[in-house]
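Working through the structure, step by step
What follows is the residue order along each chain.
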Amino acid sequence: MTEIKTETVAGEKPTGWLNTLVDYGPLLVFLGVYKFYQPPEDSTFGEIAAVIYGTIAFMVAAVAALAFSKWKFGKVSPMLILSTTLIVSFGGLTIWLRDERFIQFKPTAIYLLFGAVLFIGWLRGRAWLQVLLEAAFEGVTQEGWLKLSRNWGFFFLFLAVLNELLVRTMSFESWLWAKIWVFLPLTFLFTFSQIPMLLKHGLSLEDKNDVVEDEPPTA
């Protein structure tokens, strides 16, 4: 009886708010630590120190989120593993070279990589998003998965361009807040926009909430 209960908990399906917490929790930690150590505007050295402290916290929180996902759901998505790897890699470069541009380029790298993989897969007739999401949406046809992969591919490429534009036109702190107030709403709006197309390609009405809960990470 105990074994059955344990297996059920380990295989628990991620809920929407838990997915969002795993994806955006590390970013919120970054923001909190950065604001705590943020110096006066005329202190260049203090600004770098705040970025470094925030980056360290970001890296630790990202690894903790990955471990939490493994403990809570019994698995870690390939996209989360890749995202965490890039966070640690670019975060390490930020700390080593004392340059916040590396942590700002991290989202661009993720968006470009995900977008290229999905778009190339679509051109070759392969719905890589179906593999990455582990066929979470039962009943969706192959054509539906191909369209979803194509659309997410274009969306990721759009986010890459948007991130680079905001990096060049905003202060570092404003860019951090944009991750919450710009990228997160855009992602939810785009995800909801895909539901009508998926319903035409086999998604059941009961499963439409899963589209939002199982969206690819964009933090």
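These notes cover the structure that comes with them. (Residues numbered from 1 in each chain as written. Predicted model: local features only at pLDDT ≥ 70, side-chain atom pairs only at ≥ 80, totals over all residues. Heavy atoms only, no water.)

**Here we look at the packing of aromatic side chains**
Scanning the entire structure with this criterion turns up 18 aromatic pairs. For the pair Phe30 and Phe58, a centre-to-centre distance of 5.3 Å together with 75° between the ring planes defines the contact as edge-to-face. On the criterion of sequence distance, the pair formed by Phe30 in helix H2 (residues 16-37) and Phe58 in helix H3 (residues 44-73) is long-range, its members being 28 residues apart. The buried category is assigned to Phe30, whose relative accessible area is 1%. Ring centres 6.1 Å apart and planes at 45° place the aromatic pair Phe30 and Phe172 in the tilted group. Of this pair, Phe30 sits in helix H2 while Phe172 sits in helix H8 (residues 172-193), and the two are 142 residues apart along the sequence. Of the two residues, Phe30 and Phe172, neither departs from the other in class, the shared state being buried. Connected via pairs of aromatic rings, a cluster forms that spans Tyr111, Phe114, Trp152, Phe155, Phe156, Phe158, Phe183 and Phe190. One residue, Lys179, lies across the ring of Phe183, its end atom 4.6 Å from the ring centre. (Phe/Tyr/Trp six-rings, centres within 6.5 Å; stacked < 30°, edge-to-face > 60°. Helix = DSSP H or I, 4+ residues; strand = E, 2+ residues; numbered from the N terminus. Buried < 20%, exposed > 50% of the residue type's maximum accessible area, 1.4 Å probe, protein only. Lys NZ or Arg CZ within 6 Å of the ring centre and 35° of its normal.)

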